[in-house]
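Structural features, examined
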Amino acid sequence: MADRRGGNWKRHISEQLRMRDRVQRQAFEEIISQYNRLLEKSDMQAVLSERYQSDGPRGAQLSAVDGGMRGDIQQEMSQMRIKHQEELTELHKKRGELAQNVIELNSQIQLKDKEIQRNEAKISEYHTQIATLEGDSQKLNTFLQDLERANQMLKDEYDALQITFSALEEKLRRTTEDNQELVSRWMAEKAQEANRLNAENEKDCRKRQAKLQKELADAAKEPLPLDPDDDIEVLAEDGGKRPGEASSPSRSLSRTPSKRISQVPPGGLLDSIGNIFGRRPGNSLSTSPENTEAPMGGVEVRVPSTALHVFEAHDGEVNAVRFSPGSRLLATGGMDRRVKLWEVVSGRCEPKGALTGSNAGITSIEFDSAGSYLLAASNDFASRIWTVDDFRLRHTLTGHSGKVLAARFLLDNTRIVSGSYDRTLKLWDLRSKVCMKTVFAGSSCNDIVCTEQCVMSGHFDKKVRFWDIRAESIVRELELQGRVTSLDLSQERTELLTCSRDDLLKIIDLRTNTVRHTFSAPGFKCGADWTRVCFSPDGNYVVGGSADGGVYVWNVLTGKLDRLLDKHHSSAINAVSWSPSGAFVLSVEKGSKAVLWSDL
């Protein structure tokens, strides 16, 4: 294709040159012919002149004879010579003009040749660009075809997904309707069962009351014995009985109290009624062993100084730890998806059992106020509740669209609050097992603490938010200098302990909303966004774990570091917990170890 185009422009230039030659030759053809004739005449004149000169002597001889004729010829020749000289001068002049024209034309030809060379260079460059553009065009056409095929494939997949989505949406709608119907039926059955149990309870109570009244009436018919020394007049209520027929004092005294105790229904019946209405076993008449061991009144807190027990708590990272209200039982949660229960016996943590059911790592742990239930948040977007006595999974609360990083019981133990990576907080009712409220916080929630009507949440955007449960609104906000990783309330619930990624612990006075103390120490560094710290039971100390594996204990009254426990941990500490009795502190790390500390 390039050779054919090269031949075309050469042929075009050749034709243009021939045309220019024809045009210019026609203009000067007549002048050139006349110039040639003049040259011929000049040559002939030169020949004649030489001939006349050679014939000079003989001409002199013949001058007399041919005098008249020669004069005429010479005159004619002189005229012709003058004329020829004029023509020759004119021709020389025209020749100079033509030579000048030829020079100008040569210069123009040279300019044209240079222009032609430049044009040829441009043409070759254009041919190269054309070839490159044609290659690019082919590549773009191929890419466009690939894009069209991919677009068609994506369109087909989108259509298929749209059909699947429509089918799943319809299935979800039907499942939701079925779920609502099942919940309605279940609630109706619960109500019927509650009514039946209430009726049986009332019937049983009436029977016991009737029996008690009968026994009391029988006992009243028997007169009490009288001491002869007493000056008391006995009046018989029944004429058919004599005063001497009364039973013994021991019999009457032992029978009456036994009937009063029988008025209290059995514990198992009350527990079953409580379960029907969602009441906690801790709220019933039967109490757990941990609850009986909870410290009452003042607590003697001992600052830990010795590692009593170092043990492997989980298969992998340990994220959370919490003591039960009774202090002897504690729970740990790890990335192995288990919550493990441990009992403190003689300064050692003995395994008691494991709570299973979570599909991802555990992030937060809390006991209810009675120690009967355990609440755990998980990375599988859910929170779960187990009973501590039988290790059974009771509730699974799903609804978050991100990892649940914290979950806490409210003080009534019938509601919980959960905070998630999806930037929402949810309030759950355990009696109906549904989400009552969802509040958008605007930032990932890392930890939560609760009072009776207020929820305090720590967030990734460095803010602590205070929520009114009744109004679903933010009461106030407090901004720290780093991402908030942990929150803890003092025993009186008047002070809030915070930990943030700027490696500072702060105590906030909730009555004045001001920072009361700030704690730091050389070497202390917050190792993760979920590093947990806590108060001591009496509120006089705070404890936290560092990224270097050290446990730091600060004195709240002096604001100074009281003790550093920097052994036994080989990786960053994720969480610490101080037992309610004040005798033990347990720390867990990113490795698999846990350490029980005390001053014993």
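For the structure given in this document, a descriptive report is provided here. (Residues numbered from 1 in each chain as written. Predicted model: local features only at pLDDT ≥ 70, side-chain atom pairs only at ≥ 80, totals over all residues. Heavy atoms only, no water.)

Attention shifts here to the sheet that holds strand 20 (residues 504-509). What the four strands build is an open sheet, ordered 18-19-20-21; its pairing is antiparallel. If you trace the sheet from one side to the other, it starts and ends with strand 18 (484-489) and strand 21 (514-519), each paired once. If you compare each strand with its neighbour and ignore which way they point, the axes differ by 25° on average. (Pairing = 2+ DSSP bridges. Helix = DSSP H or I, 4+ residues; strand = E, 2+ residues; numbered from the N terminus. Axes fitted to C-alpha atoms, helices over the stretch in contact; angles between N-to-C directions.)

For aspartate 488, the position within the fold is in strand 18. Despite its burial, aspartate 488 pairs with no opposite charge, the nearest such side chain being arginine 322 at 4.9 Å. A polar contact of 2.8 Å, which involves the side chain of aspartate 488, links it to the backbone nitrogen of phenylalanine 535. (Buried < 20%, exposed > 50% of the residue type's maximum accessible area, 1.4 Å probe, protein only. Lys, Arg positive; Asp, Glu negative; His and termini not counted. Salt bridge = Lys/Arg side-chain N within 4 Å of Asp/Glu carboxyl O. Polar contact = N/O pair within 3.5 Å; in protein donor to acceptor, adjacent residues only side chain to side chain.)

Another aspect to go through is empty space enclosed by the protein. Scanning the model with the defined rule gives one cavity of 30 Å³ or more in all. In this structure, the largest cavity occupies an estimated 130 Å³ of space. Every residue lining the largest cavity is counted, 11 residues in all, and those nearest its centre are Leu425, Leu427, Val439, Val455 and Ile469. Secondary structure elements with two or more residues in the lining of the largest cavity: strand 12 (424-429), strand 13 (434-440) and strand 16 (463-468). For the lining of the largest cavity, the element with the highest residue contribution is strand 12, accounting for three residues. (1 Å grid on protein atoms, 1.4 Å probe; cavity = no way out; pocket = protein on both sides within 12 Å on 5 of 7 lines; lining within 4 Å. Points joined across faces, edges and corners; volume = space filled by probe spheres on them.)

For the rest of this paragraph, the subject is unusual backbone geometry. Of note in this structure, asparagine 413 is not a glycine but carries a positive phi near 60°. Inspection of the secondary structure assignment puts asparagine 413 in the loop between strand 10 (404-409) and strand 11 (415-420). Looking at asparagine 413, the relative accessible area reads 4%, which means it is buried.

On to the nonpolar core, then. In this structure, Cys349 and Leu586 are the most contacted members of the largest nonpolar core, which totals 16 residues. For this core, the secondary structure elements donating two or more residues are strand 2 (318-323), strand 4 (339-345), strand 27 (585-589) and strand 28 (593-598). Filtering out sequence-adjacent residues up to four positions away, cysteine 349 remains in contact with His309, Phe311, Leu330, Trp342, Glu343, Val344, Leu586 and Leu596. (Core = buried A, V, L, I, M, F, W, Y, C linked by side-chain atoms within 4.5 Å. Contact = heavy atoms within 4.5 Å.)

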